[in-house]
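# Fold and contact review
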Amino acid sequence: MTRRIDTDVAIVGGGIVGASAALALRRMGRQVVLLERDLCGSRSSGVNFGGVRRQGRPLSQLPLAQRAHRIWGELTALLGTDGEYLRSGHFKIARSEADLAALERYRELTRDFDLGLEMITGAALRARSGWLGPKALGGSFCPEDGQANPRLVSPAFARAAERAGAQVFERTPLDEAVHDGQRFVLRSTAAALEVRAPVLLNCAGAWAGPLAEQFGDAVPLRTGNPAMAVTEPLPVFMDWSLGVEGGGIYCRQAARGNVVMGGGAGYALDADRARVERGTIHGMCRQAIELLPALRHAHILRTWSGSEGYLPDRQPVLGPSIGRPGLFHGFGFSGAGFQIGPAAGEVLAELACKGHSSTPIDAFAADRFHRLPVSSPSSTPPVPHATSVTH
């Protein structure tokens, strides 16, 4: 027998964006049903590098990143766990004079966002980070950026949403999504479940494209598979989270001593699984040893990959549907969604309830990929308060 639920807002996808949207909606008094085909936070939201950085983002993302920065600062009160979140500082390494010049330009462009960026070179760099190898000429330091454990943080948003009253259905793959003229109807055969709601949030990550296209929002979303690795526990030598100007590896050391690193791409085994090949790990380790000599004899304990949605401009789709009122998208974060995820969830909740957001999101509109008129978010009717729930 199929269980039927009427709710204010339905969410597809239980990663950090969908789960934080569910929590925000409950805090705004709306009834929420979230459908996740696996376990919440088990995909890219839970297996990413764990960097929590604002530095290096496009200017268009910084208002969202600043909003997220405030949320991260309240994580324990919000979720009941700190998720191993630490404002360790993020250092973006320059390996050439051109890199240093690019980082200096970025610092000037972002002065209005109060990131507190500091250029560190020469003797000052060696005094503060003697563990860096000679390939690092200097870099840009953002003192309040940091790191967290995604395996703890992302599921914690879903559990907090549940405690706040959201109905979260895991292992519930979506088989059908239609609009009957008044509301969205979502069906999962495996869970014998039908959910009906006037508003739908598409937070399905790398799998969000078909759902968007079904309702007229075709976007050039592709799947990428970032490569990750973690070493054995080492004596703690590094207190910053690291990136590299122009791309390359990124590293952080957890409190237990393990060094988590990423860089390069894995490959897909099928639509749901990805793996890292030996050549990618070799290249990652070579770069890591050049920048962090302490890793020269470290053992790699584990490598992994996941599936992330990428768009050509590496900007997300965040905002209303072009063709279907009541549908809002939050996907395509292109490997950089962990830090801004909680703010994206709050933005989606605002759009669902008020029709507009207090954070500028024009750069993330779905219609930027083709010449179709987009309806203003303000024209979308707000969601009513709690509807009845039937079984």
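This brings us to the packing of helix 3 (residues 62-73) against helix 10 (residues 341-354). For the pair helix 3 and helix 10, interaxial distance at closest approach is 7 Å and the crossing angle is 105°. The angle between helix 3 and helix 10 places the two elements in the roughly perpendicular class. Where helix 3 approaches helix 10, its residues Leu-64, Arg-67, Ala-68, Ile-71 and Trp-72 are matched on the opposing element by Pro-342, Ala-343, Ala-344, Glu-346, Val-347 and Glu-350.

Here we take up the state of the cysteines. Inspection of every chain in the model, using the stated rule, returns 0 disulfides. Here Cys-251 stays unpaired: no disulfide links it, and the sulfur of Cys-285, its closest cysteine neighbor, is 9.4 Å away.

Once that is clear, we can look at the side chain of Ser-45. With respect to the helices and strands, the residue Ser-45 is situated in helix 2 (residues 44-47). A residue is classified by how much of its surface remains accessible, and Ser-45, at 14% relative accessible area, is buried. With sequence-adjacent residues up to four places away left out, Ser-45 is seen in contact with Gly-15, Ile-16, Pro-150, Ser-154 and Phe-338.

For the chain, per-residue confidence averages 92 on the pLDDT scale, and 95% of positions sit at 70 or higher. Confidence drops under pLDDT 50 across residues 371-391; counting only partners more than four residues distant or on other chains, this segment forms 48 contacts.

Take the sheet that holds strand 13 (residues 199-202) next. Strand order in the open sheet formed by 6 strands is 9-3-2-13-24-23, with mixed pairing between adjacent strands. Edge strands, defined here as strands with exactly one partner in the open sheet, are strand 9 (167-169) and strand 23 (317-320). Each neighbouring strand pair of the sheet contributes to a mean axis angle of 15°, computed without reference to strand direction. Judged from the 4 bridges that link them, strand 2 (residues 9-12) and strand 13 form a sheet pairing that is parallel. What sits directly across from Val-12, in strand 13, is Asn-202.

What follows deals with the packing of aromatic side chains. When we look at a pair of aromatic rings, we describe it by the centre distance and by the angle of the planes. Summed over the entire model, instances satisfying the criterion amount to 8 aromatic pairs. When the centroid spacing of 4.9 Å and the interplanar angle of 40° are considered together, the rings of Phe-91 and Trp-240 count as tilted. With Phe-91 in strand 5 (residues 90-94) and Trp-240 in the loop between strand 15 (226-231) and strand 16 (241-244), the pair connects residues that are 149 residues apart, well separated along the chain. Overall, the relative accessible area of 0% leaves Phe-91 in the buried class. What makes Trp-240 buried here is its relative accessible area of 5%. Ring geometry for Phe-184 and Phe-215: centres 5.5 Å apart, planes at 80°, overall edge-to-face. Remark: Phe-215 occurs in the loop between helix 8 (209-214) and strand 14 (222-224) and Phe-184 occurs in strand 11 (residues 184-188); sequence separation between them is 31 residues.

Definitions and limits used
Residues numbered from 1 in each chain as written. Predicted model: local features only at pLDDT ≥ 70, side-chain atom pairs only at ≥ 80, totals over all residues. Heavy atoms only, no water. Axes fitted to C-alpha atoms, helices over the stretch in contact; angles between N-to-C directions. Helix = DSSP H or I, 4+ residues; strand = E, 2+ residues; numbered from the N terminus. Parallel < 35°, antiparallel > 145°, perpendicular 65-115°, else oblique. Contact = heavy atoms within 4.5 Å. Disulfide = S-S within 2.5 Å. Buried < 20%, exposed > 50% of the residue type's maximum accessible area, 1.4 Å probe, protein only. pLDDT = per-residue confidence, 0-100. Pairing = 2+ DSSP bridges. Phe/Tyr/Trp six-rings, centres within 6.5 Å; stacked < 30°, edge-to-face > 60°.

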